[in-house]
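Read off the chains here:
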Amino acid sequence: MTGTLPSNEPSGDRPAIDSSVPHTARVWNYWLGGKDNYIVDRELGDQIQAVLPDIVASARADRGFLGRAVAHLAGEAGIRQFLDLGTGLPTAGNTHEVAQGIAPEARVVYVDNDPLVLTHAHALLTSTPEGATDYIEADVRDPESILERASATLDFSQPVAIMMLGILNFIPGEDEAQRVVDRLVAAVPSGSHLAIAHPSGEVDGEAAQQAVDMSNQAGVAQMRLRSKAELERFFTGLELLEPGVVSCSQWRPVLSGEAPPKPVYQFCGLGRKL
């Protein structure tokens, strides 16, 4: 379905947006140079950056990974369906923009449970006439509901790219996070892909943990770091594409000089279901 309004938006009044407490999506938006943030978000963002100077580079590297991964999926891999979980606030180069720029017939379903993201969902629902975009308000920890509702737009008998960038870090329990990933991967056929981006302690681990603790103590959504080995486990049973689980800045970078990009604390990987 093509549209400009969320077709899965629940009825009733939307929760009020609290501008007195920092918000993860708004802080991330600030780091990416967006304008959908408040003073309290910028203050926390600056405090975290003072502890972890590469945080802005990490946020931008994460966004770069999204663009390169989707370009590969829509181009070389021939994927025409995308399930983007933990959408976040719209910025330039959203999944549907990249995918439909390569394959206008691509279909994209965004999923988030954040009222702030819901207010901006209309920006995610612009689509080419040949393709479709949709938005589902749901919790990633309820994959059954997501799969059921996404089936209105996506055909789960055909390959789907499951995009989980910056979302699994908000599921601290190892068993629960693995359950969610396993259920989503089980629902898609061979040729489907799983993309993950996640904060890690692989680069400047002490500062990374301090930054996470600072964020958690500020009252935003609780999150955790995971190691490279922990992230690799999410791809068990999948073909992990080169270069494997690495810093987002070093996943198939577009090189502008001889030196490789500096690693950042946000790690990522892309796997294919056999």
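Residues numbered from 1 in each chain as written. Predicted model: local features only at pLDDT ≥ 70, side-chain atom pairs only at ≥ 80, totals over all residues. Heavy atoms only, no water.

A separate point is the overall build of the chain. The number of helices and strands found in the chain is nine helices and eight strands. Here the chain has a C-alpha radius of gyration of 18 Å; the compact-globule value for 274 residues is 19 Å, and the two agree. Its C-alpha atoms give the chain principal-axis dimensions of roughly 45 × 45 × 40 Å. For the chain, contacts bridging at least 24 residues in sequence account for 74% of all contacts bridging at least 6. About 11,700 Å² of surface is accessible on the chain, with carbon and sulfur atoms providing 52% of the total. Here the chain holds 21 positive side-chain charges and 36 negative ones, and the gap between their average locations is 3 Å. (Helix = DSSP H or I, 4+ residues; strand = E, 2+ residues; numbered from the N terminus. Rg over C-alpha atoms; globule rule 2.2 N^0.38 Å. Contact = heavy atoms within 4.5 Å. Areas by Shrake-Rupley, 256 points an atom, 1.4 Å probe, with all protein chains shown as cover. Lys, Arg positive; Asp, Glu negative; His and termini not counted. Charge placed at Lys NZ, Arg CZ, Asp CG, Glu CD.)

Before going further, it helps to spend a moment on the nonpolar core. One finds Leu83, Leu85, Met164 and Leu194 to be the most contacted residues of the largest nonpolar core, which totals 33 residues. Within the residue set of this core, elements represented by two or more residues are β1 (81-85), β2 (107-112), α6 (143-150), β4 (161-165), α7 (174-186) and β5 (193-199). Broken down by element, the residue count for this core peaks at five residues, all from α7. Setting aside residues up to four positions removed in sequence, Met164 forms contacts with Leu85, Val140, Val180, Val181, Leu184, Leu194, Ala195, Ile196 and Ala197. In this structure, Phe65, Val70, Ala106 and Ala195 belong to the second largest nonpolar core, which totals 32 residues. (Core = buried A, V, L, I, M, F, W, Y, C linked by side-chain atoms within 4.5 Å. Buried < 20%, exposed > 50% of the residue type's maximum accessible area, 1.4 Å probe, protein only.)

Another point: helix α2 (residues 39-51). End to end, α2 covers 19 Å across 13 residues, agreeing with the expected 18 Å (1.5 Å per residue, within 8%). Along its buried surface, α2 packs onto α1 (24-31), α3 (55-74) and α8 (205-217). (Expected span 1.5 Å × (residues − 1).)

Looking along the chain, the bond that leaves Glu242 and enters Pro243 is cis, with omega of 10°. With a phi close to 45°, Arg252 is a non-glycine residue in the positive phi region. Looking at the element boundaries, Arg252 is found in the loop between β7 (246-247) and β8 (266-273). Relative accessible area serves as the criterion here: at 32%, Arg252 is assigned to the partly exposed category.

The next point concerns the packing of aromatic side chains. Any two aromatic rings considered together are summarised by their centre-to-centre distance and by the angle between their planes. For the coordinates displayed, the defined rule picks out two aromatic pairs. Ring centres of Trp28 and Trp31 lie 6.0 Å apart, and the angle between their planes is 70°; this geometry places the pair in the edge-to-face category. With Trp28 and Trp31 both in helix α1, this residue pair falls three residues apart, about one helical turn. Overall, Trp31 belongs to the buried group, its relative accessible area being 7%. Plain terms: the ring middles of Phe65 and Trp251 are 5.1 Å apart, the flat faces sit at 80° to each other, and that makes the pair edge-to-face. (Phe/Tyr/Trp six-rings, centres within 6.5 Å; stacked < 30°, edge-to-face > 60°.)

Remark: α2 packs on α8, axes separated minimally by 9 Å, with the N-to-C direction vectors making an angle of 160°. Of the possible angle classes, the one that applies to α2 and α8 is roughly antiparallel. Crossing of α2 over α8 shows right-handed handedness. Across from Leu44, Gln47, Ile48 and Val51 in α2, the residues of α8 making contact are Ala207, Gln210, Ala211, Met214 and Ser215. Residue composition of the contact of α2 with α8, grouped by class: six nonpolar, three polar and no charged. (Axes fitted to C-alpha atoms, helices over the stretch in contact; angles between N-to-C directions. Parallel < 35°, antiparallel > 145°, perpendicular 65-115°, else oblique. Left-handed = near helix turned anticlockwise from the far one by under 90°. Nonpolar A, V, L, I, M, F, W, Y, C, P; charged D, E, K, R; others polar.)

Turning to the side chain of Asn37, a few remarks are in order. With respect to the helices, strands and loops of the structure, Asn37 is situated in the loop between α1 and α2. Looking at Asn37, the relative accessible area reads 11%, which means it is buried. In contact with Asn37, other than residues within four places in its own chain, are Arg26, Asn29, Tyr30 and Arg42.

Quick look at the pairing of β5 now. For β5, the buried fraction is high: seven of the seven residues fall into the buried class. In this structure, β4 lies alongside β5, joined through five bridges in parallel fashion. The partner of Ala161 across the bridge, within β5, is His193. Judged from the seven bridges that link them, β5 and β8 form a sheet pairing that is antiparallel. For His193, the partnering residue across the bridge sits in β8 and is Arg272. (Pairing = 2+ DSSP bridges.)

Going through the model one piece at a time under the given rule, you end up with eight salt bridges. Arg224 serves as the salt-bridge partner of Glu174, at 3.0 Å between the closest nitrogen and oxygen. Pair noted here: Glu174 is in helix α7 and Arg224 is in the loop between α8 and α9 (228-233), with a separation of 50 residues, a long-range link. What makes Arg224 partly exposed here is its relative accessible area of 21%. The closest approach of N and O atoms between Glu176 and Arg179, which form a salt bridge, is 3.7 Å. Residue Glu176 and its partner Arg179 are located together in helix α7, separated by three residues, close to a single helical turn. According to the relative accessible area criterion, Glu176 is partly exposed, its value standing at 30%. Linked by salt bridges that have partners in common, Glu174, Arg224, Arg226 and Glu230 make up one network. (Salt bridge = Lys/Arg side-chain N within 4 Å of Asp/Glu carboxyl O.)

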